[in-house]
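In case you want the letters, here they are:
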Amino acid sequence: MPVLRDNGVPATPLAGICRQSTHYQDRQQCKWRVSVLESYFKITSQGSSVRRDILAGIATFLAAMYIIVVNPTIMNAAGIPFASALTATVLVSFFGSLMMGLYARNPILVAPGMGINALFTYTMVVGAGIPWQTALGCVFWAGILFAVLAVLNVRRYIIDAIPAQLRYAISCGIGLFITVIGLVNAGFLVSNPATVVGLGEMTPTLVTFLIGLAITAVLVARNMPGALIIGIVATTLMATAIGRFWGDASAFSPTGTATLVNFNGIFALPDFSAVGQLDLIGALNIAYWPFIFVVLFTTFFDALSTFMGVCQAGKLLDRNGEPRNIRQSMMVDAMSAVISAPLGTSPANAYVESAAGISQGGRSGLVAVTAALLFLPFLFLSPLLSLVPSIATAPALIMVGVFMLDPIRHINWYEFDDAIPAFIAMILIPLTYSITHGVVFGFLAFVVVKAGVGKRHEIHPTMWILAALSLLLLFQE
């Protein structure tokens, strides 16, 4: 029979945590440390235990650690050195998750966001030709605006302004965009003058990717913890044979060598070459304001939707039915976005993979603190992680696309004045290879269609302003 506190809640099983200590003094110190954690995080009152929350933190980390490899790969396509982007990814993930655990006390991991990193690289840098230093400046100013919105607690007003159908569609569109990026990186989709795009040639590289995708898909379908990172490792191991025993990977290798996987060591000091390289003044050019807005829009709504979805699923709600400590959590997300640019990466965001730990019983900020600490060793493993080729991260990108399509079921497909703007936003993001264009045409379509069917009362005044800004952006291009 468990010991009960005065409020009738089972006490934290200190004996279970500390029983491996053989000396009395060690056991007492262990119990004291657990007691401090219990007192700060209120673990027991939330129906969990120190041991369970630590294990949940490990599960959350395993579910999201693919970002350590995937984000630097995407940042490298923008011109940021892989090792430097890896250092930034680890530091942002550490500080963001640590703040989420200690300040907001929520079991939610924070790391550079998938989708927003694609916006940074493929829309801003590659697509619009913005220097990556200036793009980092845009990220910084968007983070500052995000922080202002969080301080003023205007999330409810913003939620009311942007129709839910468009928010769902944009999230789905980004998921499709990430999937297309994964397919292109693997050589599965290639340009074709006759059909615009086509299927790539069945080379050993593409066959290896398809096998890796199959392995990853099966692991995800079986709810295997760390399925994405296992898929990355498995595909990397298979790719070591390319250029050595069969095939030629010179078309995919960054160095142009026939081998796709090349060993350059295991340990190295962190690379801080991209730290402080952001161009704050250049980013204030009026031509870049639309990009600042899109970064702000994407980070803000991704954070808000993640908090609402994860907390709702995990029943982490306050007395009003809102996500627990939502204001503090949004502040942490905003500050994580602010520090991302000076460190040299795209904005950080709350991760839906946090549900992996919550589903295993994690309830307190100790989950996020545990996940944060697990990132730190990877500061010194950039040579080892640079072994991972693009065909190995491509299956993870495709699975992330699958995860991000979840909101599609909330779109009202039976009312065309809702469905048409949502579809336009969702489909144009991957087809134009630009999140900005999808958002712009989605806003314009919503205002035009709603006004055209006589439902102007459903158009929030802010949406008229957003539509005007969208037109301004189109005429500037």
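Residues numbered from 1 in each chain as written. Predicted model: local features only at pLDDT ≥ 70, side-chain atom pairs only at ≥ 80, totals over all residues. Heavy atoms only, no water.

1. Considering the packing of aromatic side chains
Taken as a whole and assessed by the stated rule, the structure comprises 8 aromatic pairs. Ring centres of Tyr-40 and Phe-41 lie 5.0 Å apart, and the angle between their planes is 85 degrees; this geometry places the pair in the edge-to-face category. Both rings, one in Phe-140 and one in Trp-141, keep their centres 5.2 Å apart while their planes meet at 75 degrees; by these two values the pair is edge-to-face. Using a relative accessible area of 16% as the deciding quantity, one classes Phe-140 as buried. With relative accessibility at 25%, the residue Trp-141 sits in the partly exposed group. Here the aromatic cluster, defined as three or more aromatic residues joined through ring pairs, consists of Phe-61, Phe-375 and Phe-378. Over the ring of Tyr-40 we find Arg-105, and its NZ or CZ is 3.9 Å from the ring centre. (Phe/Tyr/Trp six-rings, centres within 6.5 Å; stacked < 30°, edge-to-face > 60°. Buried < 20%, exposed > 50% of the residue type's maximum accessible area, 1.4 Å probe, protein only. Lys NZ or Arg CZ within 6 Å of the ring centre and 35° of its normal.)

2. Side note on the pattern of salt bridges
Summed over the entire model, instances satisfying the criterion amount to 5 salt bridges. Where Arg-409 meets Asp-406, a salt bridge forms, and the shortest distance between an N and an O atom there is 3.0 Å. For Asp-406, a relative accessible area of 40% puts it in the partly exposed group. Among the ionic pairs, Lys-450 bridges to Asp-418, the shortest N-O distance being 2.9 Å. With Lys-450 in helix α19 (residues 435–452) and Asp-418 in helix α18 (residues 416–431), the pair connects residues that are 32 residues apart, well separated along the chain. Within this structure, Asp-417, Asp-418, Lys-450, Lys-455 and Glu-458 form a network of salt bridges that share partners. (Salt bridge = Lys/Arg side-chain N within 4 Å of Asp/Glu carboxyl O. Helix = DSSP H or I, 4+ residues; strand = E, 2+ residues; numbered from the N terminus.)

3. Remarks on unusual backbone geometry
Positioned with a positive phi, Asn-223 is a non-glycine residue whose angle comes to about 55 degrees. Mapping Asn-223 onto the fold places it in the loop between α10 (204–221) and α11 (227–239). Phi at Asn-325 is positive, roughly 55 degrees, even though this residue is not glycine. Here Asn-325 is to be found in the loop between α12 (289–314) and α13 (326–343). Using a relative accessible area of 29% as the deciding quantity, one classes Asn-325 as partly exposed.

4. A look at the environment of Ile-80
The residue Ile-80 is located in the loop between α4 (67–76) and α5 (82–104) in this model. Ile-80 gets classed as buried once you look at its relative accessible area, which sits at 0%. Separated by 265 residues in the primary sequence, Ile-80 and Thr-345 have C-alpha atoms spaced 8.4 Å apart. When near neighbours in sequence (up to four residues on either side) are disregarded, Ile-80 contacts Met-75, Ala-85, Phe-120, Trp-132, Ala-274 and Gly-344. (Contact = heavy atoms within 4.5 Å.)

5. Some points on helix α9 (residues 164–185)
Here α9 spans 32 Å end to end across 22 residues, near enough to the 32 Å set by a 1.5 Å rise per residue. Extensive coverage of α9 is indicated by the burial of 16 of its 22 residues. Backbone geometry just downstream of α9 places Gly-187 in the positive-phi region, at approximately 80 degrees. (Expected span 1.5 Å × (residues − 1).)

6. Re the environment of Asn-106
By the element assignment, Asn-106 lies in the loop between α5 and β1 (110–112). The sequence separation of Asn-106 and Phe-41 amounts to 65 residues, and the corresponding C-alpha distance is 9.2 Å. Among residues more than four places away in sequence, those in contact with Asn-106 are Met-100, Gly-101, Arg-324, Asn-325, Ser-329, Ser-364, Gly-365 and Ala-368. Side-chain polar atoms of Asn-106 contact the backbone oxygen of Arg-324, separated by 2.8 Å. (Polar contact = N/O pair within 3.5 Å; in protein donor to acceptor, adjacent residues only side chain to side chain.)

7. Here's the deal with the side chain of Ser-340
Checked against the element boundaries, Ser-340 lands in helix α13. Among the residues examined, Ser-340 registers a relative accessible area of 0% and is labelled buried. Ser-340 has contacts with Val-92, Thr-345, Ser-346, Pro-347 and Ala-348, leaving out every residue within four places of it along the chain.

8. Examining α13
With 18 residues, α13 extends 26 Å between its outermost C-alpha atoms, agreeing within 8% with the 26 Å of an ideal straight helix rising 1.5 Å per residue. The buried fraction of α13 is high, at 13 of 18 residues. Following α13 by one or two positions, Gly-344 adopts a phi angle in the positive range, close to 110 degrees.

9. So, the nonpolar core
One broad trend across soluble globular proteins is that nonpolar side chains are buried collectively. Judged by nonpolar contacts, the single largest core of 132 residues is most densely connected at Ile-68, Met-114, Phe-120, Phe-209, Met-330 and Met-463. Here this core takes 13 residues from α12, the largest share from any one element. For this core, the domains that each give at least three residues are domain 1 (47–186 + 273–388) and domain 2 (413–476). Setting aside its immediate chain neighbours within four residues, Met-114 contacts Tyr-66, Ile-67, Val-70, Ile-74, Ile-178, Tyr-351, Leu-397, Val-400 and Met-404. Phe-41, Val-50, Leu-366 and Val-369 belong to the second largest nonpolar core, which has 5 residues in total. (Core = buried A, V, L, I, M, F, W, Y, C linked by side-chain atoms within 4.5 Å. Domains from an automatic or database assignment.)

10. Thoughts on the environment of Ile-435
Residue placement: Ile-435 occurs in helix α19. For Ile-435, the residues in contact, after removing those within four places along its chain, are Gly-115, Leu-119, Thr-123, Ile-174, Phe-177 and Ile-429.

11. Observations concerning the packing of helix α7 (residues 132–152) against α13
Contact pair α7 / α13: the axes reach a minimum separation of 8 Å and the direction vectors enclose 160 degrees. The angle between the axes of α7 and α13 places the two elements in the roughly antiparallel class. In this structure, α7 meets α13 at a crossing whose hand is left-handed. Contacts from Leu-136, Val-139, Phe-140, Gly-143, Ile-144, Phe-146, Ala-147, Ala-150 and Val-151 of α7 reach α13 at Arg-327, Met-330, Met-331, Asp-333, Ala-334, Met-335, Ala-337, Val-338, Ala-341 and Pro-342. The residue inventory of the contact of α7 with α13, partitioned by class, reads 16 nonpolar, 1 polar and 2 charged. (Axes fitted to C-alpha atoms, helices over the stretch in contact; angles between N-to-C directions. Parallel < 35°, antiparallel > 145°, perpendicular 65-115°, else oblique. Left-handed = near helix turned anticlockwise from the far one by under 90°. Nonpolar A, V, L, I, M, F, W, Y, C, P; charged D, E, K, R; others polar.)

12. Let's talk about the confidence of the model for the protein chain
Confidence along the protein chain averages 82 in pLDDT terms, with 87% of residues attaining 70 or more. The low-confidence segment residues 1–15, where pLDDT is below 50, has 22 contacts with residues more than four positions distant or belonging to other chains. (pLDDT = per-residue confidence, 0-100.)

13. Let's talk about the pairing of strand β2 (residues 189–192)
Of the strand pairs in this sheet, β2 and strand β3 (residues 196–199) are connected by 4 bridges, and their pairing is antiparallel. Counterpart to Val-190 in the pairing with β3 is Gly-198. With antiparallel pairing between neighbouring strands as the criterion, β2 and β3 make up a hairpin whose turn holds 3 residues. (Pairing = 2+ DSSP bridges.)

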